[in-house]
Amino acid sequence: MPAIAIIGAQWGDEGKGKATDLLGSSVDYVVKFNGGNNAGHTVVIPQPDGSTEKFALHLLPSGILTPGCTPVIGNGVVVDLKVLFEEIDGLEARGIDTSDLKLSANAHVIAPYNREIDKVTERFLGSRRIGTTGRGIGPTYADKMNRIGIRVQDLFDASILRGKVEGALELKNQILTKVYNRRGFTVDAIVEDLLSYADRVRPYVCDTALLLHDALVADKTVLLEAGQATLLDVDHGTYPFVTSSSATAGGASTGSGIAPARINQVIGIVKAYTTRVGEGPFPTELHDDKGEFLRKAGWEYGTTTGRPRRCGWYDSVVARYAARINGVTDFVLTKLDCLTGLEEVPICVAYEVDGVHHDEMPVNQSDFHHAVPVYEYLPGWFEDISGARSFDDLPENAKAYVERCEELSGSRISVIGVGPGRHETVVRHPLI
Ligand code: GDP
Ligand code: IMO
Ligand code: MG
């Protein structure tokens, strides 16, 4: 019956993968509804012998790691078929059964020319670049909106596929050769490349919206897992420094085909500090040794591109915004353990812009670019908290920090992460 959405409340890498994995055994389906292999989710799984194993997922939903949970790639995702099969093969080689995977026939495919256009556009933009992951995400969503995209179902009709590739390349080759001075692609090469995946992809493909509808009618639980995050959402993020998809709770509906009213719980994943990869405004960013402290404590390097993540303090204006835009019912506050060892921990409670106080995100993006955080300083803690399993196991100062974040952030903090492992978690209010 219930559909539950998990969304990122900041600029990504909040720990959505771990949260999804945590809930995996309580749900029947996990659906990726937006983005593609720009996402990078690190999930650490306990093994029967007490050791742990680490998995890095990009395109596949994190639920693929939970036996008995059906992983679904929804219509809102853009799929790089080469990456899909590399990821499937990588997991199978490590003993993970991926045969239950379902892939929407309506999902769009990232064609090789879109990877190329993503990279050359960034080079062309120079100092105005977005800092994309270079995976072809933006150009593929642009093709979808422009109605020249290639969908998964097109792989099963060679003549339709050829016609669509011809149409797309007429435009793409002009752009590549005349604007960017690069070599174009031939229709034959693209069609051959895409068709080479057709037989292998066929068993996974179905009407995923119908599948999920039937599951909900049959009282199954569906978890909708976002890639990216609220501030990277194409509508609600720090445009143009965003990804090209709908990463917020609204996108969970359009990207899966599950009706909005069916989604009755929205879990916002929020890090106990803030990080961002790529360009764009970030008011609480630190350029000093405290920023280095956070990067080192949280090992803040991109799972997808390996880039060092920009680091800064917790921004409750951003959290409140995410709570409002997504209708967050519960927050999972991750990586609290990474703040251990600080004399004091600042929380951004508002911004000052040209002498004007802002409790909410400024309406004008230029204002956000030079928003100065207003901080409240809370006393830090030095105890190792990774073994905490209940709220009362936390030092008083860590509890006070969580409680203050909760007061400022527009929804209750139900779960707290104290380490990367599945069980390194404090549950204040059970999520399911
Ligand atoms: P996602 O993209 O939102 O799934 O997040 P990423 O996987 O890109 O980045 C989050 C990183 O933090 C991963 O390496 C996780 O294993 C790790 N992580 C998640 N929750 C916690 C936590 O509570 N404490 C610590 N120390 N690490 C965590
Ligand atoms: P997860 O799911 C953090 C950022 C890129 C860039 C912008 C646009 O792991 O949280 P794109 O390639 O999507 O066109 O790049 O978005 N970005 C992410 N940052 N985590 C992600 O995913 C991201 N996916 C894209 O760095 O600034
Ligand atoms: Mg990530």
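Everything in this summary refers to the structure shown in the same document. In this text, all values refer to a predicted model and were calculated from it rather than measured experimentally.

Brief notes about the state of the cysteines
Under the counting rule described, the total for this entry stands at 0 disulfides. C338 forms no disulfide, and the closest cysteine sulfur to it belongs to C311, at a distance of 9.9 Å. Taking the relative accessible area as the measure of exposure, C338 reaches 6% and is therefore buried.

Observations regarding the site of ligand 1
In the neighbourhood of ligand 1, 19 residues make up the surrounding shell, with K16, G40, H41, T42 and D337 lying closest. The contact in question runs from an oxygen atom of ligand 1 to an N or O atom on the backbone of T42, over 2.7 Å. Side-chain polar atom of T303 to an oxygen atom of ligand 1: 3.3 Å apart, as the coordinates give it. Contact with the protein chains covers 92% of the free accessible surface of ligand 1, which is 580 Å². Broken down by element, the shell around ligand 1 gets its largest block of residues, 3 residues, from helix α1 (residues 16–24).

Some points on the nonpolar core
Core analysis: the largest hydrophobic core is formed by 56 residues, its most contacted members being V222, L224, L336, L339, L394, Y401 and I416. The biggest single contributor to this core is helix α13 (residues 396–409), with 5 residues. Residues in contact with L224, not counting those within four places in the same chain, are A3, I4, A5, I6, V31, F33, A252, S256, I258 and I263. With 41 residues, the next largest nonpolar core counts I64, A105, L155 and L169 among its residues.

Digging into the pairing of strand β15 (residues 330–334)
Burial of β15 is extensive: 5 of the 5 residues sit out of reach of the surface. Burial of β15 is two-sided: the residues D330, V332 and T334 facing one way and the residues F331 and L333 facing the other way are all buried. In terms of strand pairing, strand β11 (residues 263–271) meets β15 through 5 bridges, oriented parallel. Looking across to β15, one finds that K271 is bridged to T334. Note that β15 and strand β19 (residues 413–417) share 3 bridges and pair parallel. The residue of β19 that forms the bridge with V332 is V415.

Each value, and the rule that gives it
- Residues numbered from 1 in each chain as written.
- Chains lettered and ligands numbered in written order.
- Predicted model: local features only at pLDDT ≥ 70, side-chain atom pairs only at ≥ 80, totals over all residues.
- Heavy atoms only, no water.
- Disulfide = S-S within 2.5 Å.
- Buried < 20%, exposed > 50% of the residue type's maximum accessible area, 1.4 Å probe, protein only.
- Near = heavy atom within 4 Å.
- Polar contact = N/O pair within 3.5 Å; in protein donor to acceptor, adjacent residues only side chain to side chain.
- Areas by Shrake-Rupley, 256 points an atom, 1.4 Å probe, with all protein chains shown as cover.
- Helix = DSSP H or I, 4+ residues; strand = E, 2+ residues; numbered from the N terminus.
- Core = buried A, V, L, I, M, F, W, Y, C linked by side-chain atoms within 4.5 Å.
- Contact = heavy atoms within 4.5 Å.
- Pairing = 2+ DSSP bridges.

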